[in-house]
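What follows is each chain in one-letter form.
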Amino acid sequence: MRPRPTHKSQPSWFSKAFLPDRSQAGFRPSPAVGYGILAASVLFFLLGSYAVFFSAFFPHTGVWALDVLARDTHYKYLAIMLIPAGTGFVIANWVGWQYYRNS
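Rules used throughout
- Residues numbered from 1 in each chain as written.
- Predicted model: local features only at pLDDT ≥ 70, side-chain atom pairs only at ≥ 80, totals over all residues.
- Heavy atoms only, no water.
- Helix = DSSP H or I, 4+ residues; strand = E, 2+ residues; numbered from the N terminus.
- Buried < 20%, exposed > 50% of the residue type's maximum accessible area, 1.4 Å probe, protein only.
- Areas by Shrake-Rupley, 256 points an atom, 1.4 Å probe, with all protein chains shown as cover.
- Phe/Tyr/Trp six-rings, centres within 6.5 Å; stacked < 30°, edge-to-face > 60°.
- Polar contact = N/O pair within 3.5 Å; in protein donor to acceptor, adjacent residues only side chain to side chain.
- Expected span 1.5 Å × (residues − 1).
- Contact = heavy atoms within 4.5 Å.
- pLDDT = per-residue confidence, 0-100.
- Axes fitted to C-alpha atoms, helices over the stretch in contact; angles between N-to-C directions.

*Asks:* Describe in detail the overall build of the chain, supporting the description with residues and values.
*Replies:* A count of helical and extended segments in the chain gives four helices and zero strands. Along the chain, helices (α) and strands (β) appear in the sequence α-α-α-α when read from the amino end. The buried share among the 103 residues of the chain stands at 9%. Here the chain displays about 9900 Å² of accessible surface, and carbon together with sulfur accounts for 69% of that area.

Okay, structure coming up:
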């Protein structure tokens, strides 16, 4: 009887993908990346605050995008509510994964 060939595991797609070598000492992202993320976060916070809270108290500004947000009664809450809803789904997924791994 001939021995059966065993299955050799193939490397996953992640190990085949090109990943930059970050093992160099002193590798840090550019400060411009951090400032860009910070500026985008502040802009999102201010725009969301205006759309949800302050647009009801101020008259129309004459800026088309801000006036559209002020007149909207439904979708201006979507981007703001995606954050806690997404966080809840991530936490529930993590808890389910822990139950699965430890059962």
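*Asks:* Lay out the packing of aromatic side chains in plain terms, naming residues and giving numbers.
*Replies:* A complete count under the given rule lists three aromatic pairs for this structure. Measuring from ring centre to ring centre gives 6.4 Å for Phe54 and Phe58, while their planes differ by 45°; the resulting arrangement is tilted.

*Asks:* Residue-level account of the side chain of Ser49, with values.
*Replies:* Along the chain, the position of Ser49 falls in helix α2 (residues 31-52). For Ser49, a relative accessible area of 9% translates into the label buried. Within the structure, the side chain of Ser49 is placed 2.8 Å from the backbone oxygen of Phe45, a separation counted as a polar contact.

*Asks:* Let's hear about α2: which residues, and what values?
*Replies:* Compared with the 32 Å implied by 1.5 Å per residue over 22 residues, the 31 Å span of α2 between its first and last C-alpha is a close match. Among the residues of α2, those classed as buried are Gly48, Ser49, Tyr50, Ala51 and Val52. On its buried face, α2 is in contact with α3 (64-71) and α4 (78-101). Sitting at the head of α2, Ser30 places a side-chain oxygen 3.1 Å from the backbone nitrogen of Ala32.

*Asks:* I'd like to hear about the confidence of the model for the chain, residue by residue, with values.
*Replies:* Taken over all residues, the pLDDT of the chain has a mean of 81, while the share at 70 or more is 75%. No element of the chain has a lower mean pLDDT than helix α1 (residues 13-16), which averages 61, and none a higher one than α4, which averages 91.

*Asks:* Kindly report on the packing of α2 against α4, identifying the contributing residues and their values.
*Replies:* The contact between α2 and α4 brings their axes to 9 Å, and the two run at 115°. Two secondary-structure elements touch here, α2 through Phe44, Gly48 and Val52 and α4 through Ala79, Ile80 and Ile83.

*Asks:* Report on the environment of Phe58, specifying residues and quantitative values.
*Replies:* Tracing the backbone shows Phe58 in the loop between α2 and α3. Separated by 12 residues in sequence, Phe58 and Ala70 place their C-alpha atoms 9.1 Å apart.

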